[in-house]
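Listed below, chain by chain, are the residues.
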Amino acid sequence: MLYTGRFAPSPTGPLHAGSLVAALASYLDARAHQGRWLIRMEDIDEARTMPGAADSIITALRDFGMTSDDDILWQSKRKWRYEQAFARLSARVYPCGCSRKEIADSRGSIAADGAAIYPGTCRHGLAPERTARAWRLRVPDPDHPDDLIEVDDRWQGIFRERLSATVGDFVLKRADGYWAYQLAVVVDDAEQAVTDVVRGADLLESTARQIYLQRQLDYPMPRYLHVPVLANAAGVKLSKQTGAAPIDCRRPVQQLQQAAKWLGLDVLPAATTVQAFWSAAVPVWAQRFGIR
Ligand code: GLU
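Residues numbered from 1 in each chain as written. Predicted model: local features only at pLDDT ≥ 70, side-chain atom pairs only at ≥ 80, totals over all residues. Heavy atoms only, no water.

Trainee: Before we move on, can you summarise the site of the ligand with the specific residues and values?
Mentor: Taken together, Arg6, Ala8, Pro9, Ser10, Glu42, Tyr181, Arg199 and Leu203 make up the full set of residues adjacent to the ligand. Between the ligand and Ser10, the relevant distance is 2.8 Å, taken from a nitrogen atom to a side-chain nitrogen or oxygen of the residue. Summarising the interface, the protein chains cover 79% of the accessible area of the ligand, which totals 300 Å² for the free molecule. Residue composition of the shell around the ligand, by class: four nonpolar, one polar and three charged. (Near = heavy atom within 4 Å. Polar contact = N/O pair within 3.5 Å; in protein donor to acceptor, adjacent residues only side chain to side chain. Areas by Shrake-Rupley, 256 points an atom, 1.4 Å probe, with all protein chains shown as cover. Nonpolar A, V, L, I, M, F, W, Y, C, P; charged D, E, K, R; others polar.)

Trainee: Residues and numbers for the packing of aromatic side chains, please.
Mentor: For the structure on display, the rule yields seven aromatic pairs. Cation over ring: Arg81 sits above Trp80, and NZ or CZ is 5.4 Å from the ring centre. Between the NZ or CZ atom of Arg154 and the centre of the ring of Phe289, over which it lies, the distance is 5.5 Å. (Phe/Tyr/Trp six-rings, centres within 6.5 Å; stacked < 30°, edge-to-face > 60°. Lys NZ or Arg CZ within 6 Å of the ring centre and 35° of its normal.)

Trainee: Summarise the pattern of salt bridges; cite the residues concerned and give the values.
Mentor: This structure, assessed with the given rule, holds 21 salt bridges. The closest approach of N and O atoms between Arg78 and Asp188, which form a salt bridge, is 2.7 Å. Taken as a pair, Arg78 in the loop between strand 3 (73-74) and helix 3 (79-88) and Asp188 in helix 6 (residues 181-191) lie far apart in primary sequence, 110 residues in all. Given a relative accessible area of 8%, Arg78 falls into the buried group. Within the structure, one salt-bridge network assembled from shared partners comprises Arg6, Arg40, Glu42, Arg78, Arg81, Asp188, Asp189 and Glu191. (Salt bridge = Lys/Arg side-chain N within 4 Å of Asp/Glu carboxyl O. Helix = DSSP H or I, 4+ residues; strand = E, 2+ residues; numbered from the N terminus. Buried < 20%, exposed > 50% of the residue type's maximum accessible area, 1.4 Å probe, protein only.)

Trainee: Kindly report on helix 3, identifying the contributing residues and their values.
Mentor: Within helix 3 the residues assigned to the buried category are Tyr82, Ala85 and Phe86. The buried residues of helix 3 occupy one face: seen down the axis, they fall within an arc of 105 degrees. Residues of helix 3 that are buried sit in contact with strand 4 (93-96), strand 5 (134-137), strand 8 (170-173) and helix 6. (Arc of directions from axis to C-beta. Contact = heavy atoms within 4.5 Å.)

Trainee: Kindly report on the side chain of Arg209, identifying the contributing residues and their values.
Mentor: The residue Arg209 is located in helix 7 (residues 204-216) in this model. Within the local environment of Arg209, its side chain forms a polar contact with the backbone oxygen of Glu205, the two atoms lying 3.3 Å apart.

Trainee: Which residues make up the sheet that holds strand 4, and what values go with them?
Mentor: Overall, antiparallel pairing links the three strands, which are arranged 4-5-8 in an open sheet. Since the sheet does not close on itself, it has two edges, and those belong to strand 4 and strand 8, each with one partner. Here the strands of the sheet are splayed against their neighbours by 45 degrees on average, with no regard to which way each runs. Bridging between strand 5 and strand 8 involves three bridges; their strand directions are antiparallel. Across the sheet, the residue bridging to Arg136 is Val171, located in strand 8. (Pairing = 2+ DSSP bridges. Axes fitted to C-alpha atoms, helices over the stretch in contact; angles between N-to-C directions.)

Trainee: Now, about unusual backbone geometry: what can you tell me, with residues and values included?
Mentor: Among all residues save glycine, negative phi is the norm, and among peptide bonds the norm is trans. The phi angle at Ala193 is positive, at roughly 55 degrees, despite the residue not being glycine. Position of Ala193 among the secondary structure elements: in the loop between helix 6 and strand 9 (196-200). Even without being a glycine, Asp218 presents a positive backbone phi close to 55 degrees. Positionally, Asp218 belongs in the loop between helix 7 and strand 10 (223-227). Asp218 sits in the exposed class, given a relative accessible area of 66%.

Trainee: Tell me about the environment of Gly235, and name the residues and values.
Mentor: With respect to the helices and strands, Gly235 occurs in the loop between strand 10 and helix 8 (252-262). Take Gly235: its relative accessible area is 53%, and that puts it in the exposed class. Through-space distance from the C-alpha of Gly235 to that of Asp143 is 37 Å; in sequence the pair is 92 residues apart.

Trainee: Help me get a handle on the packing of helix 6 against helix 7, residues and values and all.
Mentor: Two elements in contact, helix 6 and helix 7, have axes whose closest approach is 9 Å; the angle formed by their N-to-C orientations is 55 degrees. What the angle tells us is that helix 6 and helix 7 run oblique. Judged by the sense of rotation from one axis to the other, the crossing of helix 6 with helix 7 is right-handed. From helix 6, Tyr181, Gln182, Leu183, Val185 and Val186 reach across to helix 7, where they touch Ser206, Arg209, Gln210, Leu213 and Gln214. Each residue belonging to the contact of helix 6 with helix 7 can be placed in one class, and the counts come to five nonpolar, four polar and one charged. (Parallel < 35°, antiparallel > 145°, perpendicular 65-115°, else oblique. Left-handed = near helix turned anticlockwise from the far one by under 90°.)

Trainee: Requested: an account of the pairing of strand 9, with residues and values cited.
Mentor: Strand 9 sits mainly inside the fold: five of its five residues count as buried. Across five bridges, strand 9 lies against strand 10 in parallel orientation. For Asp196, the partnering residue across the bridge sits in strand 10 and is Arg223.

Trainee: I'd like a rundown of the side chain of Gln214, residues and numbers included.
Mentor: You can see Gln214 is positioned in helix 7. Non-local contacts of Gln214, meaning those with residues more than four positions away in its chain, are made with Val186, Tyr219, Pro220, Met221, Pro222 and Tyr224.

Trainee: Residues and numbers for the environment of Leu2, please.
Mentor: Mapped onto the elements of the fold, Leu2 is located in the segment before strand 1 (4-7). Here Leu2 falls in the partly exposed class, since its relative accessible area comes to 47%. A C-alpha to C-alpha distance of 9.2 Å links Leu2 and Val194, two positions 192 residues apart in sequence.

Structure, rendered in structure tokens:
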């Protein structure tokens, strides 16, 4: 099967050094496999989308020598596809009337991403005085074999997660009417025939939910490789939320070298052009991951 990789930024701000690391890793892996590399613009959360950010990300990627091998997919234009997938899941989906505060106050445990694990309040039907806010997908009971999701990540090794213990029934359609990231990613990865998901390790905690969704929708499971997330000197992840500065595209080779160094590729021969950087970096990546 033809290797297909992707970089899927959320256009909530311009490309920053942290997202360059994820883009670099996914591009290197695709090129090392002589596969395709696609850009997918994850602009599904329109409330968080920053005007102009998508174009600026695409331009920055081009300056770094990365262009999509097919048309860029825009999630904001694909809502009907998420609706179709949602309809296919209807037997396991239920309306939920709980507010964020009610869930936080429910004394349930806290998930890896800091959110409270959904205690299942509306699982057996909405109370009569309640109206549906969000729509949730039922996860298996704790003693059910499907509850345990296991993945052999190409960077992180074996990763195991029990959905009932880490997230509980999770949201597919949000209270503000937007489709949840988890659903959109899974539908799009399947439709774009993505064979390899290469992204930052902060998304490892979403992976079990995504694999569970793939199974519910009879989609194939891609391989995963989660690279270490770029952190600042204080150990804080660089992200748009933590105010990471946009990347300086005037010195692309230096920026690429720095991102490569973060990924442990510090044996690269010196390069003066973007093209020379890629020519040097792809074989090093291929060797590191035993790709022939
Ligand atoms: N859009 C997500 C982000 O920017 C990445 C999604 C993915 O790679 O699966 O964090």
